[in-house]
Protein chains: 2
Amino acid sequence: MAGGPRVGAVSARAGIVVTGTEVLTGRVADRNGPWLAEQLRLLGVDVGHVVVVGDRPEDLRGALTFLAGTGVDLVITTGGLGPTADDLTAQLVGEVQGRPSAVDPELERRIAAIVERLAARRGWRTDPVATAAGVRKQALVPEGATVLEPVGTAPGLVVPPAAGRGGPTVLVLPGPPAELQGMWPAALAEPSLRTALAGAEELRQETVRLWGTLEAQLAATLREHEAELGALEITTCLRDGELEIVTRFPPSAQPAYDRLGAVLAAEYADTLFSTGPSLDDLVARGFADRGWTVATGESCTGGLLAARLTERAGSSAWVLGGVTAYANSAKQQLLGVPPAMLAEHGAVSPEVAGALADGARARFGADVGVGITGVAGPGGGTADKPVGTVHVCVSTPAGRVARALRLPGSRAAVRERSVTMAMHLLRGALLGGPSA
Amino acid sequence: MAGGPRVGAVSARAGIVVTGTEVLTGRVADRNGPWLAEQLRLLGVDVGHVVVVGDRPEDLRGALTFLAGTGVDLVITTGGLGPTADDLTAQLVGEVQGRPSAVDPELERRIAAIVERLAARRGWRTDPVATAAGVRKQALVPEGATVLEPVGTAPGLVVPPAAGRGGPTVLVLPGPPAELQGMWPAALAEPSLRTALAGAEELRQETVRLWGTLEAQLAATLREHEAELGALEITTCLRDGELEIVTRFPPSAQPAYDRLGAVLAAEYADTLFSTGPSLDDLVARGFADRGWTVATGESCTGGLLAARLTERAGSSAWVLGGVTAYANSAKQQLLGVPPAMLAEHGAVSPEVAGALADGARARFGADVGVGITGVAGPGGGTADKPVGTVHVCVSTPAGRVARALRLPGSRAAVRERSVTMAMHLLRGALLGGPSA
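Source: prediction; values computed, not measured. (Residues numbered from 1 in each chain as written. Chains lettered and ligands numbered in written order. Predicted model: local features only at pLDDT ≥ 70, side-chain atom pairs only at ≥ 80, totals over all residues. Heavy atoms only, no water.)

### Quick look at the interface of chain B and chain A
Contacts between the two partners involve 87 residues from chain B and, on the opposite side, 87 residues from chain A. With both chains or domains summed, chain B and chain A bury close to 7,500 Å², and 56% of this area falls on carbon and sulfur atoms. Salt-bridge contacts for A:E233 lead to B:R56; the nearest nitrogen and oxygen are separated by 3.3 Å. Inspection of the region where chain B meets chain A yields 26 residue pairs in polar contact (both at pLDDT 80 or more). Ranked by residue count, the leading element in the side of chain B that touches chain A is strand 2 (residues 46–53) of chain B, at eight residues. For the side of chain B that touches chain A, the residue count by class is 38 nonpolar, 27 polar and 22 charged. For strand 14 (residues 319–325) of chain A and strand 14 (residues 319–325) of chain B, the ladder comprises five bridges, and the chain directions are antiparallel. The residue bridging A:T324 from the neighbouring strand is B:G322, located in strand 14 of chain B. (Contact = heavy atoms within 4.5 Å. Buried area = accessible area lost by both parts, 1.4 Å probe. Salt bridge = Lys/Arg side-chain N within 4 Å of Asp/Glu carboxyl O. Polar contact = N/O pair within 3.5 Å; in protein donor to acceptor, adjacent residues only side chain to side chain. Helix = DSSP H or I, 4+ residues; strand = E, 2+ residues; numbered from the N terminus. Nonpolar A, V, L, I, M, F, W, Y, C, P; charged D, E, K, R; others polar. Pairing = 2+ DSSP bridges.)

### Quick notes on the relation of the copies chain B and chain A
When chain B is brought onto chain A, the operation consists of a screw motion whose angular component is 180° and whose axial shift is 0.0 Å, with 0.0 Å RMSD remaining. On the angle and the small slide along the axis, the relation comes out as a two-fold axis. Most of the interface of chain B is mirrored in chain A, where 100% of its interface residues are also at the interface. (Least-squares fit on C-alpha atoms with pLDDT ≥ 70 in both.)

### Notes on the pairing of strand 1 (residues 13–19) of chain B
Residue and element names in this part refer to chain B. Counting buried positions along strand 1 gives six out of seven residues, so the element sits mostly inside the fold. The sheet contact formed by strand 1 and strand 2 spans six bridges and is parallel. Note on strand 2: the bridge partner recorded for V17 is V51. Across five bridges, strand 1 lies against strand 3 (residues 74–78) in parallel orientation. (Buried < 20%, exposed > 50% of the residue type's maximum accessible area, 1.4 Å probe, protein only.)

### Structural notes on the sheet that holds strand 11 (residues 242–249) of chain B
Residues and elements named next belong to chain B. If you trace the four strands from one edge of the open sheet to the other, you get 10-11-9-12, paired in antiparallel fashion. On the outer flanks of this sheet lie strand 10 (233–239) and strand 12 (272–274), each paired with one strand and no other. Taken pair by pair, the neighbouring strands of this sheet meet at an average axis angle of 30°, ignoring direction. Pairing of strand 9 (residues 204–211) with strand 12, which is carried by two bridges, proceeds in the antiparallel orientation. By the bridge assignment, R209 is partnered in strand 12 with S274. Most of the contacts of helix 17 (residues 411–431) go to strand 9, to which it runs at about 90°, and overall it touches strand 9, strand 10, strand 11 and strand 12. (Axes fitted to C-alpha atoms, helices over the stretch in contact; angles between N-to-C directions.)

### Regarding the domain arrangement of chain A
Taken as a whole, chain A is organised into domain 1 (10–196), domain 2 (204–274) and domain 3 (279–431). The C-alpha-based centres of domain 1 of chain A and domain 3 of chain A are spaced at 44 Å. (Domains from an automatic or database assignment.)

### Brief notes about empty space enclosed by the protein
The gaps of empty space that remain are located by a probe, the size of a water molecule, rolled over the atoms. Within this structure, the stated rule accounts for 13 cavities of 30 Å³ or more. Here the largest cavity defines a volume of roughly 130 Å³. As for the largest cavity, its lining consists of 15 residues, and the residues nearest its centre are A:D46, A:V47, A:R248, B:L24 and B:R56. Contributions of two or more residues to the lining of the largest cavity are made by helix 2 (32–42) and strand 2 (46–53) of chain A together with helix 1 (21–24) of chain B. (1 Å grid on protein atoms, 1.4 Å probe; cavity = no way out; pocket = protein on both sides within 12 Å on 5 of 7 lines; lining within 4 Å. Points joined across faces, edges and corners; volume = space filled by probe spheres on them.)

### Looking at the nonpolar core
Generally speaking, soluble globular proteins have nonpolar side chains that are buried together. Counting 52 residues, the largest nonpolar core has A:V17, B:V17 and B:V51 as the members making the most contacts within it. Excluding its chain neighbours within four sequence positions, the residues that come into contact with A:V17 are A:V51, A:V53, A:L60, A:A63, A:L64, A:L67, A:V75, A:I76, A:T77 and A:T78. (Core = buried A, V, L, I, M, F, W, Y, C linked by side-chain atoms within 4.5 Å.)

### With respect to the sheet that holds strand 9 (residues 204–211) of chain A
Residues and elements named next belong to chain A. A sheet is described by the order of its strands in space; here four strands give the open sequence 10-11-9-12, paired in antiparallel fashion. Two strands lie at the open edges of the sheet, namely strand 10 (233–239) and strand 12 (272–274), each paired on one side alone. In this sheet, neighbouring strand axes are inclined to one another by 30° on average, regardless of whether the strands run parallel or antiparallel.

### Observations regarding the pattern of salt bridges
In the structure shown here, the tally under the stated rule is 34 salt bridges over all chains. We note a salt bridge from A:R136 to A:E108, for which the minimum N-O separation is 3.2 Å. Of this pair, A:R136 sits in helix 6 (residues 128–138) while A:E108 sits in helix 5 (residues 105–122), and the two are 28 residues apart along the sequence. The class for A:E108 is buried, based on a relative accessible area of 17%. One salt bridge in this structure joins A:R209 and A:E244, with 2.7 Å as the shortest N-O distance. In this pair, A:R209 is assigned in strand 9 and A:E244 in strand 11 (residues 242–249), connecting sequence segments 35 residues apart. In terms of burial, A:R209 and A:E244 fall into one category: buried. Several salt bridges share partner residues, and in doing so they unite A:D46, A:E233, B:R56 and B:D59 into one network.

### So, the side chain of A:D240
Residue and element names in this part refer to chain A. With respect to the element layout, D240 can be found in the loop between strand 10 and strand 11. Judged by relative accessible area, which is 18%, D240 ranks as buried. Not counting chain neighbours up to four residues away, the residues in contact with D240 comprise W211, E416, R417, T420 and M421.

### Regarding unusual backbone geometry
Residues and elements named next belong to chain A. With an omega dihedral of -5°, the bond running from G377 to P378 counts as a cis peptide bond. Tracing the backbone through its elements, the reader meets P378 in the loop between strand 15 (368–374) and strand 16 (389–396). Phi at D240 is positive, roughly 50°, even though this residue is not glycine.

### Describing the layout of surface pockets
Residues and elements named next belong to chain A. Here the second largest pocket is characterised by a volume of approximately 450 Å³. Taken together, 24 residues line the second largest pocket, and the ones lying closest to its centre are G374, V375, A376, G379 and G380. Counting residues per element, the ones that place at least two in the lining of the second largest pocket are helix 14 (328–335) and strand 15. Looking at the lining of the second largest pocket residue by residue, the classes come out as eight nonpolar, 12 polar and four charged.

### Quick look at the confidence of the model for chain A
Looking at chain A, pLDDT values average 92 and 96% of them are 70 or higher. For residues 1–9 of chain A, every residue scores under 50 in pLDDT, and the model assigns this stretch 34 contacts once sequence neighbours within four places are set aside. (pLDDT = per-residue confidence, 0-100.)

### Side note on the packing of aromatic side chains
All names here are of chain A. One pass over the full model with this rule turns up seven aromatic pairs over all chains. When the ring of F287 is compared with that of W318, the centres are 4.8 Å apart and the planes differ by 10°; the resulting orientation is stacked. Of this pair, F287 sits in helix 12 (residues 279–290) while W318 sits in the loop between helix 13 (304–309) and strand 14, and the two are 31 residues apart along the sequence. The ring centre of F273 lies 4.0 Å from the NZ or CZ of R427, which sits over that ring. (Phe/Tyr/Trp six-rings, centres within 6.5 Å; stacked < 30°, edge-to-face > 60°. Lys NZ or Arg CZ within 6 Å of the ring centre and 35° of its normal.)

### A look at the environment of A:R99
Residue and element names in this part refer to chain A. When you line up the elements, R99 lands in the loop between helix 4 (89–96) and strand 4 (101–103). With a relative accessible area of 16%, R99 lands in the buried category. For R99 and A162, which are 63 residues apart along the polypeptide, the C-alpha to C-alpha distance reads 6.3 Å. Apart from the residues lying within four places of it in its own chain, the contact partners of R99 are G94, P142, E143, G144, V159, P160, P161 and A162. Within the structure, R99 has its side chain in polar contact with the backbone oxygen of P160 (distance 2.7 Å).

### Regarding helix 12 of chain A
Residues and elements named next belong to chain A. With 12 residues, helix 12 should reach 16 Å at 1.5 Å per residue; the first-to-last C-alpha distance of 17 Å fits that figure. Buried residues along helix 12 sit in contact with strand 11, strand 12, strand 13 (294–298), helix 13, strand 15 and helix 17 (411–431). Just downstream of helix 12 lies G291, where phi reads positive at about 70°. (Expected span 1.5 Å × (residues − 1).)

Structure (structure tokens):
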């Protein structure tokens, strides 16, 4: 991963604190940090750090102090706004900003009504005393802070530093991603927040994707052209064969980016497969352009490919469905894979991958069929077909393409990588371009 | 989320820095922070902060300084060990620890051999000059640091502070999770690391799971019994209806935990469904205990339920497979859902959910069938069946259970929550217990 000097024109900076022991331990994957970082980028606000803490006040206090010390204009906290006694974020932020907290009675009434409706809708019995204590806690507001109306039960807060104190404004948001995202427009509309971000300038982002190029190779190219590209912040990430080059820059550096784009298009003509759209975008576009439908015949991937193809709204226009034929009996019964083929070549073979693809096409009446069969592990491997052996086949009106793979990693990694490889094979079959 | 005072007996603490712009922006979900936090807990080492930074040296330096200032015994960094010129982690950590870096020629030779083998295996053409520059960079070692042999191409490092300097030891690990996890045993075996963690004491962790209890209710219970539970660090997380109570404590607090367990078992007898095992553990155990097999008939969930059931090794013993019948024609053709039923009730109906479940049972010859049909959104909703309307049915030799759901959230959230609800319905059908 590479980069030029800090992009000079961005002069609004933010830090993010994600709170919650369930996030620290990974029980729950944090979606708020990345979502906020992207929203901030769209506003031209740069994020340097995301700090994840558990539920201890001293850890949150430390994180807030650290971020304030990096000179950011804004700190956003997520989580810790629940009804339990140790959901302390609001009070703690108030304290750090020099603003003592008190219960807002009108807000308390509004939250109580929301909680009552919620419990009634789910048919839950509640303890009025316990519930009232929780609601009261959620209605604690630092003096002089602005309240953002609850999207769930918890209100958000915009908490500037008290008069005479320096440091960033703190925006306090709920933990559940849907609540946080629902509250974001109201937060942006707040004058005190707009003031904190007054220095922000547009930050553009462009992405180029290569298939089959080593990171070291690209690093050499970037070093060669360093003089012309200096103002650009370029980051690269190689993952499952796809080398993604993401560049951020202010509008004034557009000519430099255009030069980078031209260099990449010239030097990597044989591996460049996208100047923006993701793999999933390209596959969806490919099906739409060709007017083809697709069905899957999966074994080791268990339904993950069908799930990926149906992720986006509107996919019903080209995805008919799929079969997860986990047991060999299912491969025969549902997709017509001949017993003799299974006996002769084994379930994990290019022959069976082809039969799964053709079987899915036939059974669903689809134009395109995708077959995947392999050894996901950790058990099931042999000397001939060790864990990670996977066969993928894409069968279309224009012909068949297939790949024999040896994928590294855990059971989950083999399943995930098999799906990615199948998507690249589909991309190649639909649109042409590199998919070796 | 609640907690008692800091558990006094844990006297080894660590901080984690995750580096990489792709993680900061969420392009890649961080798995290293949570994995390391759990490994550390197993060793009795407490983690207060995980700091995520991009690829800028000053941001990494700031994070290291902050964590050192919190008084931790160990800081672990992940990522930034690649071949490109701005993969600076190793040098920067050396600098912070007062140890200048130099190339280790033997290490350089070993890395060069690894890179050559890797390129040959994938059939990639490489530029020798570019490759050599990258390898040289990866062989830079801070003076006096211990090298951990590469699992991929990058070595890890154990970097204690230089003589006369205070502060934590820094363990530098690669970014790709498989490489980091593969290197962990070697890191733990390093004497300088063991010294840094000498104060660690066993930290136990227990989990209780409730289905259908509000967090505020539990908070009241915990407040009531505060006096007896004070030494326990209790965190709660309500997600998709499941209230998870995780408690960490030193062995000396086992009696206090036993009291908590007894309180929960008594007061939440009707909603407690697990004193440890996860939902997926329980479903797998249920199938094994009953000796039943299962097949799925999914629509809006696109294969996600079949994929979830096949996540664990050994699931082939009870999962025969499933059909993603996305198009109505597929529901008819592959699972025998009667056209008249689709015409009369619509694809999103309890009748069709039942027909999908029964159809899957029949076609796969399974004991259990699960049918899911719904409106994932954002389009496709009507006044009668708005987005989030989902019908789930589980059909077993013992009878049928079904649920009509109204799930909140985005397309992805509706799909994910439908799968979770189907898993709880399966749990109830297999093992009894709360699954309202």
